[in-house]
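Coordinates in review
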Amino acid sequence: MKRYIIDRIEENMAVCEIDPNSFVNIELKNLPTGVRAGDVVVCNGDSCTIDKEQTEKTREEVIRLQNRLFRRG
């Protein structure tokens, strides 16, 4: 089982983060319909699904970090 975070979509490819320093390109046809930047995708063999729970946790963490970074004080 492999886990990716969709960094961005470029034409028919998704640029997927494996870890903070490693990326891989995956054709959109091999990912779930409607996948978008920020989604956490789990692939097991030929099957990939969006991990909605982990996607939400990741998005919440990004918002918290942005709020801390841009907080005015």
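Side chains that differ in sign of charge can pair as their charged atoms come close. On inspection of all chains with the given rule, the structure shows 6 salt bridges. When the shortest N-O distance is used, the salt bridge between Glu-10 and Arg-8 registers 2.7 Å. Under the relative-accessibility criterion, Glu-10 is labelled partly exposed at 41%. What makes Arg-8 partly exposed here is its relative accessible area of 37%. As a salt-bridge pair, Asp-39 and Arg-59 come within 3.0 Å of each other at their nearest N and O atoms.

Turning our eyes to something else, we now look at unusual backbone geometry. A positive phi is found at Glu-11, a non-glycine position, where the angle reads about 55 degrees. Residue position: Glu-11 is located in the loop between strand E1 (2–10) and strand E2 (13–19). Glu-11 gets classed as exposed once you look at its relative accessible area, which sits at 78%.

Residue position: Gly-38 is located in the loop between strand E3 (22–27) and strand E4 (40–44). Spatially, the C-alpha atom of Gly-38 lies 11 Å from that of Asp-51, the residues being 13 residues apart in sequence. Once you skip the residues sitting within four places of it in the chain, Gly-38 turns out to touch Ile-5, Ile-6, Thr-55 and Arg-59.

Here we come to the sheet that holds E2. Read across the sheet, 5 strands follow the order E3-E2-E1-E4-E5 without closing on themselves; strand pairing throughout is antiparallel. Pairing within the sheet leaves two strands with one partner each, and these edge strands are E3 and strand E5 (47–50). When strand polarity is set aside, the average angle formed by the axes of neighbouring strands in this sheet is 40 degrees. As defined by bridge partners, E1 adjoins E4 across 4 bridges and the pair is classed as antiparallel. By the bridge assignment for E4, Ile-5 is matched with Val-40. The strands touched by helix H1 (residues 52–70) are E1, E4 and E5; relative to E4, the strand with the most contacts, the crossing angle is about 145 degrees.

Glancing now at the pairing of E4. Taken residue by residue, a regular strand's side chains alternate between the two faces of the sheet. Burial analysis of E4 places 4 of its 5 residues in the buried class, which makes it a mostly covered element. Bridge count for E4 against E5 is 4 bridges, and the pairing is antiparallel. In the sheet register, Asn-44 faces E5, and the bridge partner there is Ser-47. Linking E4 to E5, which pair antiparallel, is a turn of 2 residues; within it Gly-45 sits at a positive phi near 70 degrees.

What counts, and where the lines are drawn
For every chain, the first residue of its written sequence is number 1, and the numbers climb from 1 along that sequence. Note on the predicted model: pLDDT of at least 70 is required for a residue's local features to be given, and 80 or more for side-chain atom pairs to be given and counted; whole-chain, interface and lining totals, by contrast, use all residues. Only hydrogens and water are removed before side-chain values are computed, so all heavy atoms of the structure are retained for them. By definition here, a salt bridge exists when the distance from a side-chain nitrogen of Lys or Arg to a carboxyl oxygen of Asp or Glu is within 4 Å. Each residue is placed in one exposure class: buried if its accessible area under a 1.4 Å probe, protein chains only, is under 20% of its type's maximum, exposed if it is over 50%, and partly exposed if it falls in between. Only DSSP runs of H or I reaching four residues or more are called helices, and only runs of E reaching two or more are called strands; each is numbered from the N terminus. In what follows, residue pairs with any heavy atoms lying within 4.5 Å of each other are defined as contacts. Think of it this way: DSSP has to see at least two bridges between two strands before they count as a pair. Under this scheme, a helix contributes an axis fitted over its contacting stretch, all axes are lines through C-alpha atoms, and angles between N-to-C directions fall in the 0 to 180 degree range.

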